[in-house]
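Observations on the model geometry
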Amino acid sequence: PFTWASGMLSPIYCDNRKILSYPRVRELVRDAFVERIRENFPDVEVIAGVATGGIGIGTLVAETLNLPFVYIRSSAKKHGMQNLIEGYLEPGQKTVVVEDLVSTGKSSLAAVNALREFGAEVMGMTAIFTYGFDQSKTAFQQAQCMLIPLTDFNQLIHEAQAQDTITTAELALLQKWRTNPNNWTV
């Protein structure tokens, strides 16, 4: 199993950073973000990426939308300006956060909270992928932050089955893990 930053064990690892290495895939993901942002947040003024996974794709999205880009560190720098938010942002600006992956939602919502504490108006978050855990759904609802993913765990499993790239035993393992990820063991 893989151990996530949260300490949770997982039978799979979703590495969205590889998307940036493939120009056509990168374009498809960028365009999907742009479409969802235009549909759901037409008044957005700034795109903010969550470090580190949201920086690359967030920059591409901001460029396509002709909007400023900032990014949020997981913790403030210990030197220089000691910034938590990098780039130019004014209080009150309508901001959409770009994230690569949402698991528990903890680090994603920490970025949202940092922007709000700064004074930005966070309109919502877009992400490449979410596992759709109940705890993350609850956390986003409590934070009053709309989450719009491009895809999720259920779609991943559906596609794996459709392409016949997953065995019955692997499917059962993933479903068992998805039912109770906090207490899952091999």
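The structure we're discussing is the one just above.
Report follows, based on the coordinates.

Cut-offs used in this document
Residues numbered from 1 in each chain as written. Predicted model: local features only at pLDDT ≥ 70, side-chain atom pairs only at ≥ 80, totals over all residues. Heavy atoms only, no water. 1 Å grid on protein atoms, 1.4 Å probe; cavity = no way out; pocket = protein on both sides within 12 Å on 5 of 7 lines; lining within 4 Å. Points joined across faces, edges and corners; volume = space filled by probe spheres on them. Nonpolar A, V, L, I, M, F, W, Y, C, P; charged D, E, K, R; others polar. Phe/Tyr/Trp six-rings, centres within 6.5 Å; stacked < 30°, edge-to-face > 60°. Helix = DSSP H or I, 4+ residues; strand = E, 2+ residues; numbered from the N terminus. Buried < 20%, exposed > 50% of the residue type's maximum accessible area, 1.4 Å probe, protein only. Pairing = 2+ DSSP bridges. Right-handed = clockwise from strand over helix to strand, strands pointing away.

Under the criterion given, the structure shown has one cavity of 30 Å³ or more. By volume, the largest cavity amounts to about 40 Å³. Along the walls of the largest cavity sit Asn16, Arg17, Ile19, Leu20, Gly53, Ile57, Asp100 and Ile128, which together make up its complete lining. Residue composition of the lining of the largest cavity, by class: four nonpolar, two polar and two charged.

By the definition in use, this model includes 10 aromatic pairs. A centroid spacing of 4.8 Å and a plane angle of 40° characterise the contact between Trp4 and Tyr131, whose relative ring orientation is tilted. Of this pair, Trp4 sits in the loop between strand 1 (2–3) and strand 2 (9–10) while Tyr131 sits in the loop between strand 7 (121–130) and helix 4 (134–142); the two residues are 127 residues apart in sequence, bridging distant segments of the chain. There is no split in this pair, since Trp4 and Tyr131 are both buried. Ring plane angle 75° and centroid distance 5.6 Å describe the contact between Phe133 and Trp177, whose orientation is recorded as edge-to-face. Here Phe133 is found in the loop between strand 7 and helix 4, whereas its partner Trp177 is found in helix 6 (residues 168–179), with 44 residues between them in sequence. For the pair formed by Phe133 and Trp177, the shared burial category is buried.

We now examine unusual backbone geometry. Of note, the bond from Ala51 into Thr52 is cis; its omega dihedral lies within 30 degrees of zero at 0°. Within the secondary structure layout, Thr52 lies in the loop between strand 3 (46–50) and helix 2 (53–65). Residues other than glycine seldom take positive phi values, yet Asn66 does so here, at roughly 55°. Inspection of the secondary structure assignment puts Asn66 in the loop between helix 2 and strand 4 (69–72). In this structure, Asp164 is a non-glycine residue whose phi angle is positive, near 55°.

To continue, consider the pairing of strand 8 (residues 147–152). Side-chain positions along a regular strand alternate between the two faces of the sheet. Of the strand pairs in this sheet, strand 7 and strand 8 are connected by five bridges, and their pairing is parallel. By the bridge assignment for strand 8, Thr126 is matched with Ile148. Between the parallel pair strand 7 and strand 8, the chain is carried across by helix 4, and the sense of this crossover is right-handed.

Attention shifts here to the layout of surface pockets. Approximately 710 Å³ is the volume found for the largest pocket. Forming the walls of the largest pocket are 31 residues, and the residues nearest its centre are Ala5, Glu99, Leu101, Ser103 and Ser107. No other element matches helix 3 (residues 106–118), which puts six residues into the lining of the largest pocket. Here the residues of the lining of the largest pocket are counted per class, giving 14 nonpolar, 11 polar and six charged. Of the pockets and cavities examined, the second largest pocket occupies roughly 420 Å³. If you trace the second largest pocket, you find 21 residues lining it, with Cys14, Asn16, Phe129, Thr151 and Leu156 closest to the centre. Secondary structure elements with two or more residues in the lining of the second largest pocket: helix 1 (23–40), strand 7, strand 8 and helix 5 (153–162). Looking at the lining of the second largest pocket element by element, the count peaks at four residues for helix 5. Here the lining of the second largest pocket is composed, by residue class, of 13 nonpolar, five polar and three charged.

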